[in-house]
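Coordinate inspection notes
The chain contents come next:
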Amino acid sequence: MADNLPGFRPRAAQRRMLAEIANAFGRSLPPNTEGEAVERNGESIAVVEGPTGVGKSLAYLLAGGVMAKCRNKKLVVTSATIALQEQLVNRDLPFLIEKSGLALTFALAKGRGRYLCPYRLYQLTSEHAQGELLAPDPTMALWERNPEQAEIDALRQLSDAFYYRRWNGDRDTWAENIEDDLWRRVTNDRHGCLKAGCPNRAECPFYLARETLETVDVVVANHDLLLADITMGGGVILPAPDQSFYCIDEAHHLAKKAVNQFAAEHSVAQAMAWLDKVPALATRVDSLIDKPELSVNAIDAAGACMESLTEWLWLLQGEPSLEAASDNMEPSWLVEDGTLPEHMKVPAANMALSARMLYKNLAGMADALTLQRKDKQQDALLLDKTSADAGFFVGKCEQLVALWDLFEKEPDEAAPPIAKWVTRRLDGKGDYIFSASPVSAAASLAATLWRRVSGALLTSATLRSLGNFDLLLSQTGLKWLPEVTCVALDSPFNFSEQGELYLPPLAATPKDPSAHTKEIISWLPRLIDCSEAVGTLVLFTSRKQMNEVADGLDPSLREYILIQGELPKAVILERHYSALKEGRASVLFGLDSFSEGLDLPGEACVHVIIAKLPFAMPDDPVGRTLARWIEKRGGNPFVELTVPEASIKLVQAVGRLIRTESDYGRVTILDNRIVRQSYGKKLLASLPAFRRI
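Report follows, based on the coordinates. (Residues numbered from 1 in each chain as written. Predicted model: local features only at pLDDT ≥ 70, side-chain atom pairs only at ≥ 80, totals over all residues. Heavy atoms only, no water.)

As a further point, take the overall build of the protein. Across its full length, the protein holds 25 helices and 18 strands. Scaling as 2.2 N^0.38, a compact globule of 693 residues should have a C-alpha radius of gyration of about 26 Å, and the protein matches this with 28 Å. Within the protein, buried positions represent 51% of all 693 residues. Considering only contacts within the protein whose residues lie at least 6 apart along the sequence, 79% involve residues at least 24 apart. Summed over all atoms, the accessible surface of the protein reaches about 31,700 Å², with 51% contributed by carbon and sulfur. Taken as two groups, the 75 positive and 90 negative side-chain charges of the protein have centres that lie 4 Å from each other. (Helix = DSSP H or I, 4+ residues; strand = E, 2+ residues; numbered from the N terminus. Rg over C-alpha atoms; globule rule 2.2 N^0.38 Å. Buried < 20%, exposed > 50% of the residue type's maximum accessible area, 1.4 Å probe, protein only. Contact = heavy atoms within 4.5 Å. Areas by Shrake-Rupley, 256 points an atom, 1.4 Å probe, with all protein chains shown as cover. Lys, Arg positive; Asp, Glu negative; His and termini not counted. Charge placed at Lys NZ, Arg CZ, Asp CG, Glu CD.)

And the structure:
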């Protein structure tokens, strides 16, 4: 690469990262003599914090690509954002291949939900299906109501475009937005999929894409798809963990993504609606297969589920927190410490058992229909349609089982609890949403991912919290693998020369929101220089304060400000650069998403102003349950969670200033707690070594 890049300069940090990845993947353990996977203790896992400017993607693509090819593995690269996936596929990988001469093929992996199911689409439109047998059935899975003409027209447009190959069936390549409700009816669902028996298998976009993944060296995906694949056992959509080297970029998002992946919820009203249709499905299936016990058991289990849900509706009527709502918020009842009251434990167990029995019999029906199709080709169309409907119910029941398995479960006293809560809808229909989520995915990640994968790299510009990797290792389950390698690379920037840190002497604390907002309004005209064509980024933790500050500023300053949310992000950035090009100053007001991933090099941003330290208070059900568990164990959730997580967010926000070796500027923090509170010193110590003024 050095030979092919004029002006190429070796970076010590990038070379170190290359070496750490190669060494870790080189320690990957092969199967034993019996071909069985061996127990892994993290010897082939590296955690590398690489500050901006190191060249992380080039390092892991080069080292990972070489090691994967020589070890006969797939390189799976995942990120948290679409922007990085597009950068990898459209820029980084083509650049690497061109300049290095390393022969790598690659493809972007997406979940089933991004692809069309041609069979479903043809069923709904009947445009290219065979006769009235496949016409829409409003009593079953296809339409639960009479479709609107606009929906039918949109489906026919999709059908024609796909049938005549003007569209490849990828939702992201359709020129217009497809409404979620409409797409849900034609998307590729693994339970409704007829697999090899599908008459449209040869043109299925999902299977064509998956076949491509089997032929390439590098698979680019996102964290959600990786976690979903692992949840299903691994190797279902992406290459199997023991056949892969993973490069997990933006790894600071992985733990929370995993918690969301293992969570579950369902609506009572929607569950009742599809449970009520199970007998009709069972009757249809019974006429096609020779296993009457499946239909009888499914009908009984569906009835038991409906009875249990009805009992739950009665039980919830006595819960005061679900009766009244404040500030138009939907009332919610959080199960304290995740432990159900005694009078609810048996109903929860009954519901979980009924849901599992229903799933077992619905899945049995689906399997029986698949086998039957091999013997009754003359009934293929009817069997296919019934299989698709059965798959729909299996998918719905899987959600039911996932929720009630969590709702019923009570972990060991030493283990983190499961957050459980019920929300009442304010839509006048009296619906309830049951939700449950583990508060930590550490144990699941350790068991399903880290102990199975051949090798893994976790990287990001911000992985350490308060100067160490403890929070990341704890939240991801890597703390239980003693041989994991952790490395913090040096930044290529000279922060003491390129930037300065200013902590103004504010009187008001954010604990007094009104006074703090007024003081920000008074300080901003002194901090922002509108006489030069340079950019300023002002970051807020709340939209309310951001709007109040903007409204309180003098119009002479307000005219330079672009506010996140008032226009699409792309338009805001375009106007920001246009103003600078025209010789005018420009000021961006942004929230959390502007604190990470926003790249404003050079004079596009010479001043970052942080209105408030980014403390995220645990006011959601998962956060509140975790905080209570920490307190009951004698810990302090603010010290153990809130401050470390704020440290990462603060470093990310400050990182918007210096993006290249020629950047310069100032960071100003308008929160006096950073100098008055004991934790402030730790937060300051984790920031780049700017010159203090």
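Now that the structure has been shown, we can carry on.
The next thing to look at is the packing of helix α1 (residues 12–26) against helix α2 (residues 56–70). Interhelical geometry of α1 versus α2 gives an angle of 30° and a closest axis separation of 9 Å. One way to sum up the angle between α1 and α2 is to call them roughly parallel. As α1 runs across α2, the sense of the crossing is right-handed. Residues Gln14, Met17, Leu18, Ile21, Ala22, Phe25 and Gly26 of α1 lie in contact with α2, whose contacting residues are Lys56, Leu58, Ala59, Tyr60, Leu62, Ala63, Gly64 and Met67. (Axes fitted to C-alpha atoms, helices over the stretch in contact; angles between N-to-C directions. Parallel < 35°, antiparallel > 145°, perpendicular 65-115°, else oblique. Left-handed = near helix turned anticlockwise from the far one by under 90°.)

Okay, the sheet that holds strand β7 (residues 332–334) next. Here 4 strands make up an open sheet; going across it, the order is β6-β9-β8-β7 and the pairing antiparallel. Looking at strand neighbours, the two that pair on one side only are β6 (264–267) and β7, the edges of this open sheet. Across this sheet, the average inter-strand angle for adjacent strands is 15°, counted without regard to direction. Where β6 lies against strand β9 (residues 432–438), 4 bridges are found, and the strand directions are antiparallel. Residue glutamate 265 lies in a different strand from β9, and its bridge partner there is serine 435. The strands that helix α14 (residues 380–408) touches are β6, β8 (418–424) and β9; relative to β9, the one it contacts most, it runs at about 65°. (Pairing = 2+ DSSP bridges.)

This part takes up the sheet that holds strand β18 (residues 691–692). Pairing is parallel across the open sheet formed by 7 strands, whose spatial order is β14-β15-β13-β16-β17-β12-β18. Edge positions in the sheet fall to β14 (561–563) and β18, since each of these pairs with one other strand and no more. Sheet topology places strand β12 (residues 499–502) next to strand β17 (residues 665–669); 4 bridges connect them, and they run parallel. Looking at β17, one finds that tyrosine 502 is bridged to threonine 668. Contacts from helix α19 (residues 543–552) reach β14 and β15 (586–590), with the element oriented near 150° to β15.

For any pair of aromatic rings, the description consists of the separation of the ring centres together with the inter-plane angle of the planes. Under the counting rule described, the total for this entry stands at 23 aromatic pairs. Ring geometry for tryptophan 312 against phenylalanine 434: centres 5.6 Å apart, planes inclined by 85°, an arrangement best described as edge-to-face. Here tryptophan 312, found in helix α12 (residues 292–316), pairs with phenylalanine 434, found in strand β9; they are 122 residues apart in sequence, far enough to count as distant. The two residues tryptophan 312 and phenylalanine 434 agree in class, both being buried. An aromatic cluster of at least three residues, connected via ring pairs, comprises Phe162, Trp167, Trp174 and Trp183. Looking at arginine 201, its charged tip hangs above the ring of tyrosine 207, at a distance of 3.9 Å from the centre. (Phe/Tyr/Trp six-rings, centres within 6.5 Å; stacked < 30°, edge-to-face > 60°. Lys NZ or Arg CZ within 6 Å of the ring centre and 35° of its normal.)

Take the nonpolar core next. Formed by 52 residues in total, the largest nonpolar core has its most connected members in Trp274, Trp312, Leu358, Trp404, Phe407 and Phe434. When contributions to this core are tallied by element, the ones reaching two or more residues are α10 (268–275), α11 (278–286), α12, α13 (342–375), α14, β8 and β9. Beyond its immediate chain neighbours, meaning those up to four positions away, leucine 358 contacts Trp274, Leu275, Val278, Ala298, Ala301, Ala302, Cys305 and Cys397. (Core = buried A, V, L, I, M, F, W, Y, C linked by side-chain atoms within 4.5 Å.)

Our focus in this paragraph is the side chain of serine 57. Residue position: serine 57 is located in helix α2. Not counting chain neighbours up to four residues away, the residues in contact with serine 57 comprise Gln87, Leu88 and Asp92.

It is worth spelling out the side chain of glutamine 85 at this point. Tracing the backbone shows glutamine 85 in helix α3 (residues 82–100). For glutamine 85, a relative accessible area of 9% translates into the label buried. Aside from chain neighbours lying at most four places away, what touches glutamine 85 is Ser79, Leu108, Val220, Ala221 and Asn222.

This part covers the pairing of strand β4 (residues 218–222). Within β4, 4 of the 5 residues are buried, which leaves the element mostly enclosed by the surrounding structure. Here strand β3 (residues 106–108) pairs with β4 via 3 bridges, running parallel. Residue pairing for β4: leucine 108 is matched across the bridge by valine 220.

Let us look at the environment of arginine 692. Assignment of secondary structure puts arginine 692 in strand β18. Between the C-alpha atom of arginine 692 and that of glutamate 500, which follows or precedes it by 192 residues, the distance is 5.7 Å.

Take the pattern of salt bridges next. Scanning the model with the defined rule gives 31 salt bridges in all. Here arginine 284 ties to aspartate 389 by a salt bridge, and the two come within 3.0 Å at their closest N and O atoms. On the criterion of sequence distance, the pair formed by arginine 284 in helix α11 and aspartate 389 in helix α14 is long-range, its members being 105 residues apart. Classification of aspartate 389 as buried rests on a relative accessible area of 1%. We note a salt bridge from aspartate 599 to arginine 659, for which the minimum N-O separation is 2.8 Å. Highlighted residues: aspartate 599 in the loop between β15 and β16 (607–610) and arginine 659 in the loop between α23 (637–654) and β17, separated in sequence by 60 residues. Among the ionic contacts, a cluster of salt bridges with common partners joins Lys110, Arg114, Asp170 and Asp172. (Salt bridge = Lys/Arg side-chain N within 4 Å of Asp/Glu carboxyl O.)

Turning our eyes to something else, we now look at α3. The terminal C-alpha atoms of α3, which comprises 19 residues, lie 25 Å apart, in line with the 27 Å expected from a rise of 1.5 Å per residue. Of all bends in α3, the biggest is about 45°, found at leucine 88. Considering only its buried residues, α3 is in contact with α2, β2 (74–79), β3 and β4. One or two positions beyond α3, positive phi appears at glycine 101, with a value near 80°. (Expected span 1.5 Å × (residues − 1). Bend = angle between axes of the 7 residues up to and from the residue.)

Before going further, it helps to spend a moment on unusual backbone geometry. Phi is positive for asparagine 72, close to 60°, though the residue is something other than glycine. Position of asparagine 72 among the secondary structure elements: in the loop between α2 and β2. If you check the backbone angles, arginine 165 has positive phi at about 60° while not being a glycine. Among the secondary structure elements, arginine 165 is positioned in the loop between α5 (149–163) and α6 (180–186).

In short, shape yes, function no, at least from these values alone.
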